[in-house]
Amino acid sequence: MNLAARQREAVARLLSGRAEAGEAVHAANIRATLTETLRTSFPVTEALVGRDYFRGLAVAFLTAHPPTRPVLAEYGAALPGFLENHA
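Quick look at the structure, then. (Residues numbered from 1 in each chain as written. Predicted model: local features only at pLDDT ≥ 70, side-chain atom pairs only at ≥ 80, totals over all residues. Heavy atoms only, no water.)

**Some remarks on the side chain of Glu 23**
- Within the secondary structure, Glu 23 is located in the loop between α1 (3-16) and α2 (24-41).
- Glu 23 gets classed as buried once you look at its relative accessible area, which sits at 17%.
- For Glu 23, the contacting residues outside a window of four places in its chain are Arg 13 and Leu 14. (Helix = DSSP H or I, 4+ residues; strand = E, 2+ residues; numbered from the N terminus. Buried < 20%, exposed > 50% of the residue type's maximum accessible area, 1.4 Å probe, protein only. Contact = heavy atoms within 4.5 Å.)

**Remarks on the packing of α2 against helix α4 (residues 51-64)**
- One way to put it is that α2 packs onto α4 with a least axis distance of 9 Å and a crossing angle of 115°. Judged by the twist between their axes, the crossing of α2 over α4 is right-handed. Facing Arg 31, Leu 34, Thr 35, Leu 38 and Arg 39 of α2, the residues of α4 in contact are Arg 51, Phe 54, Arg 55, Ala 58, Phe 61 and Leu 62. (Axes fitted to C-alpha atoms, helices over the stretch in contact; angles between N-to-C directions. Left-handed = near helix turned anticlockwise from the far one by under 90°.)

**Describing the side chain of Thr 35**
- Tracing the chain through its elements places Thr 35 in helix α2.
- Apart from the residues lying within four places of it in its own chain, the contact partners of Thr 35 are Phe 54, Arg 55, Ala 58 and Leu 62.

**Quick look at the nonpolar core**
- Judged by nonpolar contacts, Leu 15, Leu 34, Leu 38, Phe 42, Phe 54, Ala 58, Phe 61, Leu 62, Tyr 75, Leu 79 and Phe 82 together constitute the single largest core of 11 residues.
- Elements represented by at least two residues in this core include exactly α2, α4 and α5 (79-85).
- Examining the composition of this core, we find that four residues originate from one element, α4, more than from any other. (Core = buried A, V, L, I, M, F, W, Y, C linked by side-chain atoms within 4.5 Å.)

**Quick look at the pattern of salt bridges**
- What the rule picks out here adds up to seven salt bridges.
- Salt-bridge contacts for Arg 13 lead to Glu 9; the nearest nitrogen and oxygen are separated by 3.8 Å. Note that Arg 13 and Glu 9 are positioned in helix α1 at a spacing of four residues, about one turn of the helix.
- For Arg 13, a relative accessible area of 11% gives the class buried.
- Put simply, Arg 13 and Glu 20 hold a salt bridge, and the shortest N to O gap is 3.7 Å.
- The structure contains a network of salt bridges with shared partners spanning Glu 9, Arg 13, Glu 20 and Glu 23. (Salt bridge = Lys/Arg side-chain N within 4 Å of Asp/Glu carboxyl O.)

In structure tokens:
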């Protein structure tokens, strides 16, 4: 397996909650950072659904839509479409 494939696998594992021993801190930091990024970008959505529900939505979103670029300011552009199809 090449490096890019190993990195994609590691990111998927960290975002999905299947972190291996020694990765839990990294997984929690990644999820917290991405959730905070979404909160900052979508404050009205959070206000409408509530903080706890928004956290759950954020985790579902980041699991389904991991970042594709290393630019947090761009992360979350797909959230409105995700919410349209979210039960």
